[in-house]
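Here is how the chains run, residue by residue.
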Amino acid sequence: MQSFGYEHPEWLGQAVDLLRTHRPHARPLAGGTDLVNRLRDGTLRPHVVVDLKGIAELRPGITQADGRLWISATTVLADLVADERMRTHFPALVTAAGVVGPVQIRNRATLAGNICNASPAADTAPPLLVYRAQVIARGPAGTRSIPIDAFFLGPGKTTLARDELVTAIELPVRDRPVQAAFGRLTRRRGADLATVSVCVSVDGTGSTRIGYGAVGPRPLLATDDSGVLADPATDPATRTSLLARLARATSPVSDVRASQEYRRSMLLVLSQRVLRAAVIGEGEG
Amino acid sequence: MNGPVGTSAERVDGPARVSGGYRYLGDIRLPDVLHAKLVTLDCARARIRSIDASAARRVPGVVQVLTAADLPQPVPRFGPQFRDRPVLAVAETKYHGEPVAAVAAETLAAAEDAARLIRVEYEELPAVCTIAAALAQGAPLVQDPALRLGDPLANTNVLQEHRYAWGDTETAASDLIVAGTYTFPMVTHFAIERHGCIAARDGDGITIWSTIQHPFWLQRTIAELLSLPLAKVRVVAPDPGGGFGGKQHAKYEPLVAFMAMRAGRPVRLILTLEETFQAVRRTSAQVRVRTGFRADGAITFREVDADYLLGAYADIADRLVSKGSYVSCGPYRIPAARIVARSILSHTLPSTAFRGFGAPQPLWASESNMDEAARALGIDPVELRLRNLARRGEQFIPGDTPADGAWEQTVRKAAELVGWGTPVPAGRGRGIAVGIKPGPTTGLSYATVRLLADGSVVMSSGTSDMGQGARTVYVQIAAEELGVPMDRITLLMGDTAVVCYDQQTSASRSTVLMGNAITYACREVQAQLRTMAARHCQVDESAIEVARGVVRLPDRQIPIGEFVRLGLGRLGGEVIGIGESRKEHVPGHPLSGSPVFFEFNCTAVDAEVDAETGDILLVRHVTVSDVGKAINPMQVRGQDEGAAIQGLGHTLMEQYILDESGRISNLGALDYRIPTSMDLPLQLCSDVVENADGPGPYGAKGMSEGALLCVAPAVAAAVTDATGAVIRDLPLTAERVWRALSTPAADSSPTATATAAADEQRRCADGT
Amino acid sequence: MSRTHLIRLTVNRVPRQVEVTPRHMLLDLLRDDLGLTGTKACCLVGECGACTVSLDGRIVNSCLVLAVEADGAEVTTIEGLATDGHLTRLQQAFLDEGAVQCGYCTPGQVMAARDLLAHNPHPTTAEIREGLAGNLCRCSCYAQIIAAVSAAAAEEEK
């Protein structure tokens, strides 16, 4: 691992200043479960690492206000999984966060970090897409709110500027939680990166949202407002062809985890299973 | 038996291991030590043009940069079978990860920084990384023919060819012939303790600390390379944190030894896990099996063509090719057999011993072949095996060690435990297979047992306890023989300067061969006590018996621990026993010696297959081994169940993935998957057959590899039973199963050979 | 640029003060600076769990934590469990159930199991499997490890 400097600011403004001063050679550090690996393998060689965990404004926590749940940037996945409000309103996100690594990883990894890495296979990305998350970012010019679907650009790429920081993820809370489910395929039952992941939500108006992971350069969202998918009475052939049409937006590739062909097929299998789970309210695919 | 033999005694040294106190190699701290880092190229094969270390040498703390040019010329080579492996790559790297230089520095960070600054100019060369590529006309030669003087195969990539045959396979009359070609992937040991070593000049000699399984073999290798007497090479080998065969032979110990001698300071190299993956793997294979059957299921002949893909250097792999393929016809009564096994060199990392030592590869093929035959014949797979299984005393390999167990008991027990014959729910299938492996064919082990004046014992053994539990077993045996409580025995291991010679820790030999040496040493102590008792009590020796912890005199009996105080008298001292256990080599024998015993196992599984995704769920996994006598039933269970799960690794998920140029694409723990606690079968059930019919102490046989041998064919048979799909390639990843299920003629397998085999099978079935 | 940092932390109830560079990991600090070699190193990518320690009451892979991040923290390692040489019930259960083969992954397994039992004193088998999924054992004595955790939990109940 190459050497680097370490900064531990106390205030958000200081952190942004550090990022601006050292851009593009500064990297924010939250849980470090991904960053440290990339420092070690040399794919990232920052001059300075800016630890966010001592920043007063970013203290770990999930707060509810103005019809939204606000998850601070240093909140670890283990706390997200254990949070009752999260379990009530965003069960599919809880399911997804619960399969990120084993306990040791979830005790350290943050939701913000999971999306900032912009891995196409990030488990929490499909549910965040489905749940209409907003990414709150702070930069030299102030704070902005980015719809999650606009946040991801490609593998490892987000819309964040090099001197911008994610301060929180916001999720809109509904009076009646939307029905949703998450499912994924992996190479083994123990902790693994997803080969394919899918999150589906079905709301009272018949709108269906599908988030796909690991089947394109970035996590993808597809929506169906026809009500066809949400209707349990839809005949299977119609449902399958509609799911297949939606999946056309994806562009899976072959890698060490699976071939493109397998991913394409599994996308459909998984979509059907997770849709079924979402429609009948099982919570998990 | 009232002593500890046969009881589940707690692991000796256990408390240190659960509290972080046991010192593994990496926990040793030497003053003044230098830290080493290897320099490798990110390609499979390259011609080295130049190495510029000037920037590296300028890094503060760097003490040494070593390249091949700094070594004695020609660069020394070593290897347990062939001296083919250079201490550092000479002119050309032959596999992804072969070091071209090494740095030693005051800190590991400095060594790593410097290693990154070494500029190697190189030209990537075409690499042969598959059996087909290595055998192709005009394929580049992996090894320089000059290294293979006098070898008729020197101008090919075939290192050796091994042939075994009996009977006449050509004229055998069969009602059905079943044939197929099967492949076994490259997999790695993934011991949680990475490989490492430390070397330090020691007076006029050298001391090497290593994670090695065979300290005495390493001692010999280093002595030869440095031209030192054996007595000047000390190898300290703390218990390895898992070995599984990967740590048997020298890898980077010679390099580190040269670095330390040159630096005049201790040098320490701990490989990263990625580097460890580039240092050891199992030998992959492609095996074609062709078997003739009578309509009643009796085997008429079997032909096995086993091509094993070795790496760039042989290590011990050719030996495992010969030994593993030797039993490739299985534990069956076969009137005619022809086995041809080839060791094929390639530009891949050197393959070596790995639990099962070359047997799992052909067993995957031959036991799957049995399953295909059972279906074609309409005979129950258990029945088919029982019909052909060699019975005790039968020479199933003519002229060699006969069947040494009631193997049918093992099969029946496994069948019963899995519920053979009871219905299997829809979506599930049941499969069974047997495994056999020859035990050691030669051996030499010495043990010392010293009964001290207060009745406590210090004993020594050259075995490495890498988790198989040898320490506990040895202490149990000595405690049993001498009647001394286990906690009053100290067992020394892992230091060639302290313990007597032991050939090696491999082939599940230690309970039998070293166990016998310890028993003999105890018996020698007992004999001396008898003489002592005769003198002390003025009784004729013939009237005294010393056994199982007591001195039995005509009128009374005295516990050994108590008697030794009296016997040794005022000066005290100790009674010293030396045990020697020897298995000579047999001139002319194809393996240079007959197996001391066979490991025999039967594995049966129930598996559920997800028809849409191809995912396999192991519902029940039964493993039964013939162990002769379980000296420690808890450890036996742990070995069998551990081997079973390790076998599920290569069966379901493990494989190196090489890109087209021969680079490893899934190097490291993130993308090389092994089973976790969540990948356990829902039900795991192990049992043993104990007939006290083994050659070891109390009738024990060697064990701990058996339960891995036939996991793959048992699981594949269950998948076929559940889905009808026949899969001939491992691992059975969900994608592979899905592919087999989604290909209409799932049975016709991907290779042309297998299709031809299917035709052949139909033809023969028609009676042509 | 990469100056050293003086950090203060408590390890196994003992206050410590160490000077570290930013690229020094908590794992290195424990093993190399403090000589607490019970915590093992293996994959260094957070996959194997051999380096599991408790950091402020939560288990983490110490190979993924910069030593500087542990400034002010309370760390418990495998060496901090037994008191006066007396093994904890959990440690003894590992021995009773044959859950230690080579023993190299054992410190990490014990730390993970201890954390699991602290949060869930009576786990089901499925919960134990999940709770230990971050700790690889290549000897693969998972069945024995699970049995040990169950036994320790049952013992606790008595």
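Residues numbered from 1 in each chain as written. Chains lettered and ligands numbered in written order. Predicted model: local features only at pLDDT ≥ 70, side-chain atom pairs only at ≥ 80, totals over all residues. Heavy atoms only, no water.

Caption draft 1: Representation of the overall build of chain A within the structure. What chain A contains, in helices and strands, is 11 helices and 14 strands. Computed over the C-alpha atoms, the radius of gyration of chain A is 19 Å, within 12% of the 19 Å expected from 2.2 N^0.38 for a compact globule of 285 residues. With the C-alpha coordinates of chain A rotated into their principal frame, the extents come out at 60 × 45 × 35 Å. Put simply, chain A has 285 residues, and 57% of those count as buried. Long-range contacts, defined here as pairs at least 24 residues apart, represent 60% of the contacts in chain A between residues at least 6 apart. If you sum the accessible surface of chain A, you get close to 10,900 Å²; carbon and sulfur atoms cover 49% of it. If the 34 positive side-chain charges of chain A are averaged to one point and the 27 negative ones to another, these points end up 5 Å apart. (Helix = DSSP H or I, 4+ residues; strand = E, 2+ residues; numbered from the N terminus. Rg over C-alpha atoms; globule rule 2.2 N^0.38 Å. Buried < 20%, exposed > 50% of the residue type's maximum accessible area, 1.4 Å probe, protein only. Contact = heavy atoms within 4.5 Å. Areas by Shrake-Rupley, 256 points an atom, 1.4 Å probe, with all protein chains shown as cover. Lys, Arg positive; Asp, Glu negative; His and termini not counted. Charge placed at Lys NZ, Arg CZ, Asp CG, Glu CD.)

Caption draft 2: Highlighting the domain arrangement of chain B. Residue and element names in this part refer to chain B. Domain annotation of chain B identifies domain 1 (32-125 + 193-241 + 246-277), domain 2 (281-440 + 589-765) and domain 3 (443-583). For domain 1 and domain 2, the distance between their C-alpha centroids amounts to 37 Å. Between domain 1 and domain 2, the residue contacts involve 25 residues of the former and 24 residues of the latter. Taking both partners together, domain 1 and domain 2 bury about 2,100 Å²; carbon and sulfur atoms supply 60% of that area. Remark: the boundary between domain 1 and domain 2 carries 2 salt bridges. (Domains from an automatic or database assignment. Buried area = accessible area lost by both parts, 1.4 Å probe. Salt bridge = Lys/Arg side-chain N within 4 Å of Asp/Glu carboxyl O.)

Caption draft 3: Structural detail: the interface of chain C and chain A. Tallying the contact residues gives 31 residues for chain C and 29 residues for chain A. In total, chain C and chain A occlude about 2,400 Å² of area from one another, counting both sides; carbon and sulfur atoms represent 54% of this. Summed over the shared surface of chain C and chain A, the result is 5 salt bridges. In this structure, glutamate 130 of chain C and arginine 106 of chain A form a salt bridge, with 3.4 Å as the shortest nitrogen-oxygen distance. Our enumeration of links across chain C and chain A arrives at 12 residue pairs in polar contact (both at pLDDT 80 or more). If one sorts the elements of the side of chain C that touches chain A by residue count, strand E4 (residues 58-61) of chain C sits on top with 4 residues. Among the residues making up the side of chain C that touches chain A, the classes are represented as 16 nonpolar, 9 polar and 6 charged. (Polar contact = N/O pair within 3.5 Å; in protein donor to acceptor, adjacent residues only side chain to side chain. Nonpolar A, V, L, I, M, F, W, Y, C, P; charged D, E, K, R; others polar.)

Caption draft 4: The arrangement of the interface of chain C and chain B in detail. Opposite the 44 residues of chain C that make contact, chain B presents 54 residues. Summed over both partners, the interface of chain C with chain B comes to about 4,000 Å²; 57% of that surface belongs to carbon and sulfur atoms. Three residues, Gln101, Arg129 and Arg138 of chain C, lead the burial of chain C against chain B; their summed loss comes to 21% of the area buried on that side. The interface formed by chain C and chain B contains 6 salt bridges. One salt bridge connects aspartate 113 of chain B with arginine 23 of chain C, and the closest N-O pair in it is separated by 2.7 Å.

Caption draft 5: View of the pairing of strand E11 (residues 196-202) of chain B. Residue and element names in this part refer to chain B. Extensive coverage of E11 is indicated by the burial of 5 of its 7 residues. Inspection of the sheet shows E11 paired to strand E14 (residues 267-270) by 4 bridges, in the antiparallel sense. Its bridge partner being in E14, alanine 199 is matched across the sheet by valine 267. The pairing of E11 with strand E12 (residues 205-210) spans 6 bridges and is classified as antiparallel. Pairing of arginine 201 across the sheet is with isoleucine 206, part of E12. Between the end of E11 and the start of E12, which pair antiparallel, lie 2 residues, with glycine 203 showing a positive phi angle near 60°. (Pairing = 2+ DSSP bridges.)

Caption draft 6: A look at the packing of aromatic side chains. Residue and element names in this part refer to chain B. Applying the stated criterion across every chain yields a total of 17 aromatic pairs over all chains. Pairing tyrosine 182 with tryptophan 364 gives two aromatic rings, centres 5.8 Å apart and planes at 80°, and the pair type is edge-to-face. Of this pair, tyrosine 182 sits in strand E10 (residues 176-184) while tryptophan 364 sits in helix H9 (residues 360-377); the two residues are 182 residues apart in sequence, bridging distant segments of the chain. For tryptophan 364, a relative accessible area of 0% translates into the label buried. (Phe/Tyr/Trp six-rings, centres within 6.5 Å; stacked < 30°, edge-to-face > 60°.)

Caption draft 7: Region of the structure containing the sheet that holds E10 of chain B. Residue and element names in this part refer to chain B. Read across the open sheet, the 5 strands follow the order E9-E18-E17-E16-E10; overall the sheet is mixed. Taken across any chain shown, the strands that pair with only one partner, and hence form the sheet edges, are strand E9 (158-166) and E10. Pairwise comparison of adjacent strand axes, ignoring direction, gives a mean angle of 10° for this sheet. Pairing between E10 and strand E16 (residues 284-293): 9 bridges, direction antiparallel. (Axes fitted to C-alpha atoms, helices over the stretch in contact; angles between N-to-C directions.)

Caption draft 8: Up close: the nonpolar core. Ranked by size, the top nonpolar core spans 194 residues in total, and within it Phe190, Ile206, Leu255, Trp407, Val715 and Leu732 of chain B together with Phe94 of chain C carry the most contacts. Setting aside residues no more than four positions away along its own chain, isoleucine 206 of chain B makes contact with Ala199, Ala200, Arg201, Ile222, Leu226, Leu228, Lys232, Val233, Arg234, Ala257 and Met261 of chain B. The next biggest cluster of nonpolar side chains, apart from the first, holds 91 residues, and it includes Ala122 and Val178 of chain A together with Leu34 and Leu66 of chain C. (Core = buried A, V, L, I, M, F, W, Y, C linked by side-chain atoms within 4.5 Å.)

Caption draft 9: Quick peek at the domain arrangement of chain A. Residue and element names in this part refer to chain A. The assigned domain composition of chain A is domain 1 (5-51), domain 2 (58-172) and domain 3 (179-279). Distance between the C-alpha centres of domain 2 and domain 3: 21 Å. Taken together, the contact between domain 2 and domain 3 spans 22 residues of the former and 23 residues of the latter. Here domain 2 meets domain 3 over a buried area of about 1,800 Å², counting both sides, of which 64% is carbon and sulfur. Taking the shortest distance from any N to any O, the salt bridge between arginine 218 and aspartate 149 comes out at 2.6 Å. In this structure, the connection of domain 2 to domain 3 is made through 7 residue pairs in polar contact (both at pLDDT 80 or more). Counting only elements with at least two residues in the side of domain 2 that touches domain 3, the list comes to helix H5 (91-98), helix H8 (125-130) and strand E8 (152-154). If one sorts the elements of the side of domain 2 that touches domain 3 by residue count, H8 sits on top with 5 residues. Within the side of domain 2 that touches domain 3, the residues separate by chemical class into 15 nonpolar, 4 polar and 3 charged.

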